[in-house]
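# Close look at the chain arrangement
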Amino acid sequence: MKKVYLFFILISISAFSQKTFDNIKSEKLGTERRITIGLPASYETSPSKKYPVLYLLDGDYLFDPFLGAINYGIYWDDLPEMIVIGIHQNHDGERFDDSTIDQNVGVPFEKGAEFYEFIGAELLPYIEKKYRTAPFKIIAGHDITASYINFFLYKDRPLFNGYICLSPELAPKMEVRIAEKFAQVKEPFFYYLSAGEGDIKKIKEPIEKLDSNIKVANNPLVSYKYDLFKNATHYTEVLHSIPSALYHIFEVYRPINSAEFKDKIAVLKSGYADYLDNKYNTMSEVLGVDIPVRMNDFKVIENLILKNNAYDELGKMAEIANVDYPRAMLGEYELGLMHEKMGEPKRASKRYQNASQMEPIGELTRDMMYEKIDEMNTLAKKTK
């Protein structure tokens, strides 16, 4: 038991080294608002790195559950590092004032309007000025705060790129307005919605209507998921939803697994290298996460190219390798492999010779390159 306990402590320490608190003086609210900040372990050691940001309403009780799920995902490289901001709303029942709406028109009203301005005009600029943030922003809430976050979606250009709505108590007309907005979206956008099978009836029915309307909108730019958890209540469904929501939004970040390979890659007739390139470009351009192509992912695609005799695609693999690993022998090796498979041993030998002068990477070593050079030179003599 001690070893297991230590294991989870190490996950927490390795994933998030800093958890701090801050008080933001707000002119919009006329008071201070307390927030919790979670910074990734690499924040201090990677001074040029920028991170996606997750903003949590009801941060008093949602921060730790989200943090735990993120820690776990980071440990297995299924989720990227991110900055987490928890907004405190339960000291004096602020969540109810913060979520005040005009029941007739279904938009923020009085203190609810002030809180809306606090987030957009004060909190986000404060965080983006103080920390190294990527453009990709997610917001999450539960119950009335899950409903409230949708108001940021009403803007001509939504303020956030991803929304996590846990059992939202939807505002009037929201089940129609959200779907209408989805039909107008012109940039990649993520939306997660959930409820418990045993959820409160007056909450569950509008959620189901919203789900139906969103499916009718059917905009390919909207990455949407709805979960209805069996044997879950309005409160217990939150712990089911958090990992599901995060893994949905960051699906493209995950290393290639058997499901992705079977459903998306193996069915391709060509363009295997392009798939790999697009996967990592999407991480960068949509999620704001820049990482080099994982060697395991690279190997999966290389093997599929060889299996399908698509040798010309090894040239594209070399381009990818030279961008992400410019000092390593990977790019020259791929070109050598391409010429070898195309029956050009002299040209292959030259590329393997170039590779032998560069840095080893993964299973590629100088000894391996020397063996390939001898093999190609022998083959070239036989084919004269």
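Residues numbered from 1 in each chain as written. Predicted model: local features only at pLDDT ≥ 70, side-chain atom pairs only at ≥ 80, totals over all residues. Heavy atoms only, no water.

### A few points about the packing of helix H14 (residues 345-356) against helix H15 (residues 366-382)
Following both chains from N to C, one finds H14 and H15 inclined at 160°, their axes separated by 8 Å at the closest point. Judged by the angle between their axes, H14 and H15 are roughly antiparallel. The handedness of the crossing between H14 and H15 is left-handed. Seen from H14, the contacting residues are Pro-345, Lys-346, Ala-348, Ser-349, Tyr-352, Gln-353, Ala-355 and Ser-356; seen from H15, they are Arg-366, Met-369, Tyr-370, Lys-372, Ile-373, Met-376, Asn-377, Leu-379 and Ala-380. Classifying every residue of the contact of H14 with H15 gives ten nonpolar, four polar and three charged. (Axes fitted to C-alpha atoms, helices over the stretch in contact; angles between N-to-C directions. Helix = DSSP H or I, 4+ residues; strand = E, 2+ residues; numbered from the N terminus. Parallel < 35°, antiparallel > 145°, perpendicular 65-115°, else oblique. Left-handed = near helix turned anticlockwise from the far one by under 90°. Contact = heavy atoms within 4.5 Å. Nonpolar A, V, L, I, M, F, W, Y, C, P; charged D, E, K, R; others polar.)

### As for the packing of aromatic side chains
Under the counting rule described, the total for this entry stands at 22 aromatic pairs. Their ring planes at 50° and their centres at 5.6 Å tell us that Phe-115 and Tyr-148 sit as a pair that is tilted. Here Phe-115 is found in helix H4 (residues 111-130), whereas its partner Tyr-148 is found in helix H5 (residues 144-148), with 33 residues between them in sequence. A relative accessible area of 0% places Phe-115 in the buried class. Sitting over the face of the ring of Phe-96, Arg-95 holds its NZ or CZ atom 5.4 Å from the ring centroid. In this structure, Arg-132 packs its charged tip against the face of Tyr-43, placed 4.0 Å from the ring centre. (Phe/Tyr/Trp six-rings, centres within 6.5 Å; stacked < 30°, edge-to-face > 60°. Buried < 20%, exposed > 50% of the residue type's maximum accessible area, 1.4 Å probe, protein only. Lys NZ or Arg CZ within 6 Å of the ring centre and 35° of its normal.)

### Describing the environment of Leu-123
Looking at the element boundaries, Leu-123 is found in helix H4. Taking relative accessible area as the criterion, Leu-123 reaches 0% and is therefore assigned buried. Spatially, the C-alpha atoms of Leu-123 and Ile-256 are 36 Å apart, while their sequence positions differ by 133 residues.

### A few points about helix H12 (residues 313-324)
Under the 1.5 Å per step criterion, the end-to-end length of H12 is 17 Å for twelve residues, consistent within 8% with the ideal 16 Å. Of all the positions in H12, only Glu-313, Leu-314, Gly-315, Met-317, Ala-318, Ile-320 and Ala-321 are classed as buried. Buried positions along H12 lie against helix H10 (272-285), helix H11 (295-307) and helix H13 (330-341). (Expected span 1.5 Å × (residues − 1).)

### Observations concerning the pattern of salt bridges
Summed over all chains, the structure comprises 23 salt bridges. The partner of Glu-260 in a salt bridge is Lys-279, and the shortest N-O contact between them spans 3.2 Å. Residue Glu-260 is located in helix H9 (residues 258-265), and its partner Lys-279 is located in helix H10; the two are separated by 19 residues in the primary sequence. Judged on exposure class, the residue Glu-260 and its partner Lys-279 are both buried. Salt bridges sharing common partners tie together Asp-77, Arg-294 and Asp-297. (Salt bridge = Lys/Arg side-chain N within 4 Å of Asp/Glu carboxyl O.)

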